[in-house]
Amino acid sequence: MNVLIVDALAANEGRRKFSRDAIGAGPRLVAGVFEKYKLNVRIKRVEDFIEENDEGVNSSDLFLISAMSVDKVAVQKAIKKISKKQQNSKIILGGPILSEKDLTKEIQFDVGVIGEGERIIEGLIRCDFDFSFFQEQKSADRFSIEKKNGSLLVKEKSILGTGIFEEFIPSTERILDYPDYWFSKVYVELVRGCSNHYRGELVKTAGGCSGCGECDDPDTIITGDCPENIPAGCGFCSVSATFGPPRSKKLNQVEKEVEDLLSKGVRRIVLSAPGFLDYFRGRKKEEVYSPTKPEANYAEIANLLQSLSEIRDNQEEVCSISIENVKPSLVTKKIANLIGKSLPKTSISIGCETFDTSLSNKIGRPSEPNTALEASRFFFDEGLSTQIYLIHSLPGETVKSLEITKEVVENKLSNFADKITVYRYLSLPGSPFTVTGVPLPTKRHLLDIRRNELKKAIIQFNLEKKKKMIGDEVITIIAEKDKVRKNTFIGYPIFSGPAISVYSEKPIIGNTYRIKVIGVISDKLLEGEISI
Ligand code: SF4
């Protein structure tokens, strides 16, 4: 059997416009399940699969596609190509795209794996992908199985335990299938699941909260269960509902995966976790549902960071290890100091969504905006590059909440953050907002005006921050030709920071240089020159 995993994550209509230098952890994880059974597996980016010759499709007889909700068009194009060339092949779809149950009306596939997929795929491997496996009693006992419009939708009945990380090891070999692995940020799963099992006022009202008290206070949540089946977590996010409380990968496994990837030529590793500070939080074997109590496990985090920084420093080439994001509710001065010492110059993302305290509480954030500001200041004081994430058009948003957020962006963030990223709210299938049907803000011209003002303030903030980088020297790996400017190349800083356009009449792709920032091309791109 020849298996091809098609990585469509963030490809949207078929080609990534954003996060072009990122490689997610999911496809390597799936490849690892096949490697465990010594099967021939490869990974291909969806754009290469769609646009290149037919080698990928002709030489495979089983296709697994990994995608998010925004990647429907890319998935449709990939499936069209498979159906045209390999009519008898089987197609398995997985990833966040599957949280949308009506998907089967738009996309035809054989099996859709919802949520955690390792054991489902393993079951299919063991029966040689004979789908009658799902009619057996043992499958019915373990999985919930639904047939919709000719596709089977399969989901684990219960969240997999911590042993899952030892049972299935992500492939490190298949990183070489990505042509851009040597300059990309390669994500290594560290924690699965989220500790925010609080519910905000908006979903409590819409979902018919009966006032059992379980999630009244983020500090005291014990089980995360709700008698009314209202999903837990931030209203816009489906991680808590899909993956349950956090489970952490053991240090020796993280070390091995990071070492293997670096030995293959990866230069930038990102430790992937819905909340880095959930790493082994709480007493051993006890699940944590509170986003605030107990505090982060300082000893485990210190061990992890010390070991990984030693691995990083033993590499011949300059490499970086960074953290994806943290929950502000768990950030302390001590933690910021530890991260600053072990991962200097790393960037850290802090989700804040809004600076309006009232809206923040209503949408189910585990802490108030002031806590996010304080966390950002702790990191900033340690010389780390802090990025704040905001969302506009959220349910519950008001003219006032947009004005408050803009005011903070303009007048308070400059000393605490290096970058602000704002997204438009997108209803995610499986999220508390979507499941309970919390309505969107009523359409109002004034809301649109305030949103545009906020977006402009953020662009201005990011531009000003980039201007302050002029004169800095940044270790940068030259990744590709700049498609817009002649004789210029795009480089990515090894540690953190925006992409840099570098002029050179000689080919320099693949080289690492100390680049001096000499200008700002846009709020996302700097101009630099090679320092002698
Ligand atoms: S667990 Fe459910 S019923 Fe209990 S307080 Fe929370 S939302 Fe209300």
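Residues numbered from 1 in each chain as written. Predicted model: local features only at pLDDT ≥ 70, side-chain atom pairs only at ≥ 80, totals over all residues.

**Q** Pulling in residues and values, what's your account of the overall build of the protein?
**A** Scanning the protein from N- to C-terminus turns up 18 helices and 22 strands. What you see for the protein is a C-alpha radius of gyration of 23 Å, in line with the 24 Å of a compact globule of 532 residues. Judged by the C-alpha coordinates and their principal axes, the protein covers about 65 × 65 × 50 Å. Counting the 532 residues in the protein, one finds 48% classified as buried. Excluding contacts between residues fewer than 6 apart, the proportion of contacts in the protein whose partners are at least 24 apart in sequence is 75%. (Helix = DSSP H or I, 4+ residues; strand = E, 2+ residues; numbered from the N terminus. Rg over C-alpha atoms; globule rule 2.2 N^0.38 Å. Buried ≥ 20, exposed ≤ 12 C-beta atoms within 10 Å, placed from the backbone. Contact = placed C-beta atoms within 7 Å.)

**Q** Before we move on, could you go through the sheet that holds strand S12 (residues 268-272) and cite the residues and values that matter?
**A** The strand order S2-S9-S12-S13 describes an open sheet built from 4 strands, whose pairing is parallel. Lying at the two open borders of the sheet, with one neighbouring strand each, are strand S2 (22-23) and strand S13 (320-323). (Pairing = 2+ DSSP bridges.)

**Q** An account of the nonpolar core is requested, with residue identities and associated values reported.
**A** Val186 and Tyr279 are the most contacted members of the largest nonpolar core, which totals 71 residues. Top contributing element to this core by residue count: helix H15 (residues 369-381), with 5 residues. Val3, Val30, Phe63 and Val75 belong to the second largest nonpolar core, which has 46 residues in total. (Core = buried A, V, L, I, M, F, W, Y, C linked by C-beta atoms within 7 Å.)

**Q** Quick one: what's the story with the domain arrangement of the protein, residue by residue and with numbers?
**A** Once the domains are mapped, the protein shows domain 1 (2-167), domain 2 (182-467) and domain 3 (473-530). Relative placement of domain 1 and domain 3: their C-alpha centres are 36 Å apart. (Domains from an automatic or database assignment.)

**Q** Got a sec to walk through the pairing of strand S9 (residues 185-189)? Specific residues and values, please.
**A** Most of S9 is tucked away, with 5 of its 5 residues classed as buried. In S9, alternate side chains face the same way, and those of Lys185, Tyr187 and Glu189 on one face and Val186 and Val188 on the other are all buried. One ladder, built from 2 bridges, connects S2 with S9; its direction is parallel. Considered in S9, the bridge of isoleucine 23 is made with valine 186. Here S9 pairs with S12 via 5 bridges, running parallel. In the strand pairing of S12, glutamate 189 is matched with serine 272.

**Q** Run through the environment of proline 432, naming residues and quoting values.
**A** Structurally, proline 432 is set in helix H17 (residues 432-436). The exposure class of proline 432 is buried, given the 28 C-beta atoms found within 10 Å. Considered as a pair, proline 432 and phenylalanine 134 are 298 residues apart in the sequence and their alpha carbons are 29 Å apart. In this view, proline 432 contacts Arg199, Val203, Ile230, Pro231, Ala232, Gly233, Gly235, Ala241 and Gly364; residues no more than four positions away in its chain are not counted.

**Q** So what's going on with the packing of helix H11 (residues 251-263) against helix H12 (residues 298-313)? Which residues, and what values?
**A** At their nearest, the axes of H11 and H12 sit 10 Å apart, and the two run at 20° to each other. Taken as axis vectors, H11 and H12 run roughly parallel relative to one another. Considering only the axes of H11 and H12, their crossing is right-handed. Every residue of H12 that contacts H11 at Leu251, Val254, Glu255, Val258, Glu259 and Leu262 is listed here: Asn303, Leu304, Ser307, Leu308 and Ile311. For the contact of H11 with H12, the residue count by class is 7 nonpolar, 2 polar and 2 charged. (Axes fitted to C-alpha atoms, helices over the stretch in contact; angles between N-to-C directions. Parallel < 35°, antiparallel > 145°, perpendicular 65-115°, else oblique. Left-handed = near helix turned anticlockwise from the far one by under 90°. Nonpolar A, V, L, I, M, F, W, Y, C, P; charged D, E, K, R; others polar.)

**Q** Pulling in residues and values, what's your account of unusual backbone geometry?
**A** Between lysine 293 and proline 294 the backbone carries a cis peptide bond, its omega angle lying at -5°. Locating proline 294 in the fold gives a position in the loop between S12 and H12. The phi dihedral of aspartate 128 is positive, around 55°, even though this residue is not glycine. Within the element layout of this structure, aspartate 128 appears in the loop between helix H6 (118-126) and helix H7 (137-142). A positive phi is found at phenylalanine 129, a non-glycine position, where the angle reads about 60°.

**Q** I'd like a rundown of helix H13 (residues 333-342), residues and numbers included.
**A** Think of an α-helix as turning once every 3.6 residues; residues three or four places apart then point the same way. Here H13 has its buried residues at Ile335, Ala336, Ile339 and Ser342. Seen end-on, H13 carries its buried residues on one side only, within an arc spanning 140°. Tucked inside the fold, the buried residues of H13 contact H12, S13 and H15. (Arc of directions from axis to C-beta.)

**Q** Tell me what's going on with the sheet that holds strand S6 (residues 111-114), and back it up with residues and numbers.
**A** Strand pairs in the sheet, formed through backbone hydrogen bonds, run parallel or antiparallel to each other. With mixed pairing, the 7 strands of this open sheet are ordered in space as S3-S1-S4-S5-S6-S8-S7. In this open sheet, the two edge strands, each paired with only one partner strand, are strand S3 (40-45) and strand S7 (143-148). Adjacent strand axes in the sheet meet at a mean angle of 20°, parallel and antiparallel pairs treated alike. Here 5 bridges tie strand S4 (residues 62-66) to strand S5 (residues 90-94), and the two strands are oriented parallel to one another. Directly across from leucine 62, in S5, lies its bridge partner lysine 90.

**Q** Give a description of the environment of glycine 275 that names residues and reports values.
**A** Structurally, the position occupied by glycine 275 is in the loop between S12 and H12. In this structure the C-alpha to C-alpha distance between glycine 275 and glutamine 137, which are 138 residues apart in sequence, comes to 37 Å. When residues no more than four places from it in sequence are discounted, the contact partners of glycine 275 are Val191, Cys194, Ser195, Pro246, Asn325, Val326 and Lys327.

**Q** Could you give an account of the packing of H12 against H13, with specific residues and numbers?
**A** In a packed pair of helices, the relevant descriptors are the angle between the two axes and the axis-to-axis distance. Running from amino to carboxyl end, H12 crosses H13 at an angle of 10°, the nearest separation of the two axes being 9 Å. The orientation of H12 relative to H13 falls into the category roughly parallel. Across from Tyr298, Ile301, Ala302, Leu305, Gln306 and Ser309 in H12, the residues of H13 making contact are Lys334, Ile335, Leu338, Ile339 and Ser342. Tallied by class, residues from the contact of H12 with H13 come to 7 nonpolar, 3 polar and 1 charged.

**Q** Can you break down the environment of isoleucine 50 residue by residue, with the values?
**A** By the secondary structure assignment, isoleucine 50 is in helix H2 (residues 46-51). Every residue in contact with isoleucine 50, bar those within four places of it in the chain, is listed here: Gly14, Lys77, Ala78 and Lys81.

**Q** Requested: an account of helix H18 (residues 445-467), with residues and values cited.
**A** The end-to-end C-alpha separation of H18 is 33 Å, in line with the 33 Å expected for 23 residues at 1.5 Å each. Elements that come into contact with the buried residues of H18 comprise strand S16 (385-392), helix H16 (399-411), strand S17 (419-424), strand S21 (512-520) and strand S22 (525-530). (Expected span 1.5 Å × (residues − 1).)

**Q** Describe the confidence of the model for the protein, with residues and values.
**A** Looking at the protein as a whole, its pLDDT mean stands at 94, while 100% of the residues score no less than 70. Mean pLDDT values over the elements of the protein span from 82, in helix H3 (residues 55-58), up to 98, in H11. (pLDDT = per-residue confidence, 0-100.)

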